[in-house]
Amino acid sequence: MTEQPSPRSRFGTRAVHAGVTPEPVTGAIMTPIFQTSTYVQPAVGEPRGGTYDYGRTANPTREALEANIAELESGTRAVAFASGLAAIEAIVKRLSAGDHVVSEQNTYGGTARLFDKVFARLGIDFTYVDSGDTEAVRAALRPNTRLVHVETPTNPMMRICDIRAVAAVAHDAGALLSVDNTFASPYNQRPLELGADLSVHSATKYINGHSDVIHGIVAVRDEALAEELLFLRMSTGAVPGPMDCWLTLRGVKTLHVRMRQHNANGLAVARYLEAHPRVDRVYYPGLPGHPQHELAARQMDGFTGMVSVDVGTLERARSLTEHCRVFALAESLGGVESLISVPALMTHASVPEERRAAMGITPGLVRLSVGIEDEADLLEDLERVLG
Ligand code: P1T
């Protein structure tokens, strides 16, 4: 029998192999979908493996996915949830009434809605800042601040937070730092390596990469934090199904290959749009003109396929998004197919108008999730509509 090599040091090899071992009965190379709600126990209160008593608590397909993502994020553990929002919810549910959170102002609209409309009602206070300004984060901290939550790049303005600096500021105040790493993906950015305590994903996006599941995951280094998240998931019930875990595990095996193409196409589209006279502004951290380009280049290995542009008016935004043929008009991002959307009317419609305006989410802002199609087809699609 040949020894299995364990070449786990490089990202692509880890994406393919981490967490995955041949199934012991047949040697099936693919992790089975353990589509079961419960497990037969050999004796009362003695579940197999010490943990396999019930599907909400333990599932081997889910565990394989979690082990994979933990390695890709340079963590020790990862905990999967039924959606990205369920993952963020669990992070905030560690807190109690009277606690305070400093949050990036330009998060996904659903994250802001969760904080303002659900957690604020339960007695948790939020202060919103531009976390690209480390001093603004420091100034917002209070003695009862227990969490700093940032998104980088932000959705949809592509602002960058200095993870290392903000982690130090949060830790000085006794707070943890969670980073929503959805837009970057672990291929491009690993917040735990930069000092963050939690790296959270809407795995619905780049990690799964095929627009066929709703899924969330949190990676951590600290065992006690992982146990807390597992406890919260078990107690509150936001578990992903085994089939969804299997689809995400299948998707993540090509993360490195997909991200190279997303990064290349994203840059090509950003450059094309930057030079176009009908486009007022381009927001893409890979362009030297992005105000935080140097910071992005320092903490990211690539700049993703997410590009936002301001075309001036809602009318022009509608015309662009409704007439593309390769880019599909839809919410979400990070799948192999290109999508295009108008955040003010779609993903960020639940954010109050003044707050949207303050962040630059104008009615003329268009967000592109550049897929992995051929670059020439993507540019031709935009050229045909923009003229
Ligand atoms: O949709 P869900 O898996 O629950 O993830 C929520 C979420 C969390 N964090 C970020 C940065 C996100 O972008 C999202 C979801 N975003 C979209 C659906 C969107 O089109 O922006």
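Residues numbered from 1 in each chain as written. Predicted model: local features only at pLDDT ≥ 70, side-chain atom pairs only at ≥ 80, totals over all residues. Heavy atoms only, no water.

Undergrad: Would you take a moment to explain the domain arrangement of the protein for this structure?
TA: Where interface size is given, it is often the accessible area lost as the parts come together that is meant. Taken as a whole, the protein is organised into domain 1 (11–252) and domain 2 (255–386). Taken over C-alpha atoms, the centre of domain 1 sits 25 Å from the centre of domain 2. Contact with domain 1, which involves 47 residues of that partner, is made by 40 residues of domain 2. The largest share of the area that domain 1 buries against domain 2 comes from Met-157, Asn-188 and Tyr-206, three residues that together contribute 23% of it. Across the domain 1-domain 2 interface, the total number found is three salt bridges. (Domains from an automatic or database assignment. Contact = heavy atoms within 4.5 Å. Buried area = accessible area lost by both parts, 1.4 Å probe. Salt bridge = Lys/Arg side-chain N within 4 Å of Asp/Glu carboxyl O.)

Undergrad: What should I look at first to understand the site of the ligand in this one?
TA: By nearness alone, 19 residues border the ligand, and Asp-180, Ser-202, Thr-204, Ser-332 and Arg-367 come closest of all. Interatomic distance of 3.0 Å between a backbone N/O atom of Leu-85 and an oxygen atom of the ligand. Between Arg-367 and the ligand, the recorded distance is 2.8 Å, taken from a side-chain N or O atom to an oxygen atom. Considered on its own, the ligand offers 480 Å² of accessible surface; in the complex 93% of this is hidden by protein. A per-element tally of the shell around the ligand places helix H3 (residues 84–92) first, with three residues. Looking at the shell around the ligand residue by residue, the classes come out as five nonpolar, nine polar and five charged. (Near = heavy atom within 4 Å. Polar contact = N/O pair within 3.5 Å; in protein donor to acceptor, adjacent residues only side chain to side chain. Areas by Shrake-Rupley, 256 points an atom, 1.4 Å probe, with all protein chains shown as cover. Helix = DSSP H or I, 4+ residues; strand = E, 2+ residues; numbered from the N terminus. Nonpolar A, V, L, I, M, F, W, Y, C, P; charged D, E, K, R; others polar.)

Undergrad: Honestly, helix H14 (residues 375–386) in this entry has me stumped. Any pointers?
TA: Since the α-helix advances by 3.6 residues per turn, residues separated by three or four positions end up pointing in the same direction. Its 12 residues place the ends of H14 16 Å apart at the C-alpha level, agreeing with the 16 Å of an ideal helix rising 1.5 Å per residue. Buried within H14 we find Leu-378, Leu-379, Asp-381, Leu-382 and Leu-386. Seen from one end, H14 has its buried residues packed into an arc of 155°, which puts them on one side. Residues of H14 that are buried sit in contact with helix H10 (255–274), helix H12 (314–323) and strand S12 (365–369). Following H14 by one or two positions, Gly-387 has its phi on the positive side, about 80°. (Expected span 1.5 Å × (residues − 1). Buried < 20%, exposed > 50% of the residue type's maximum accessible area, 1.4 Å probe, protein only. Arc of directions from axis to C-beta.)

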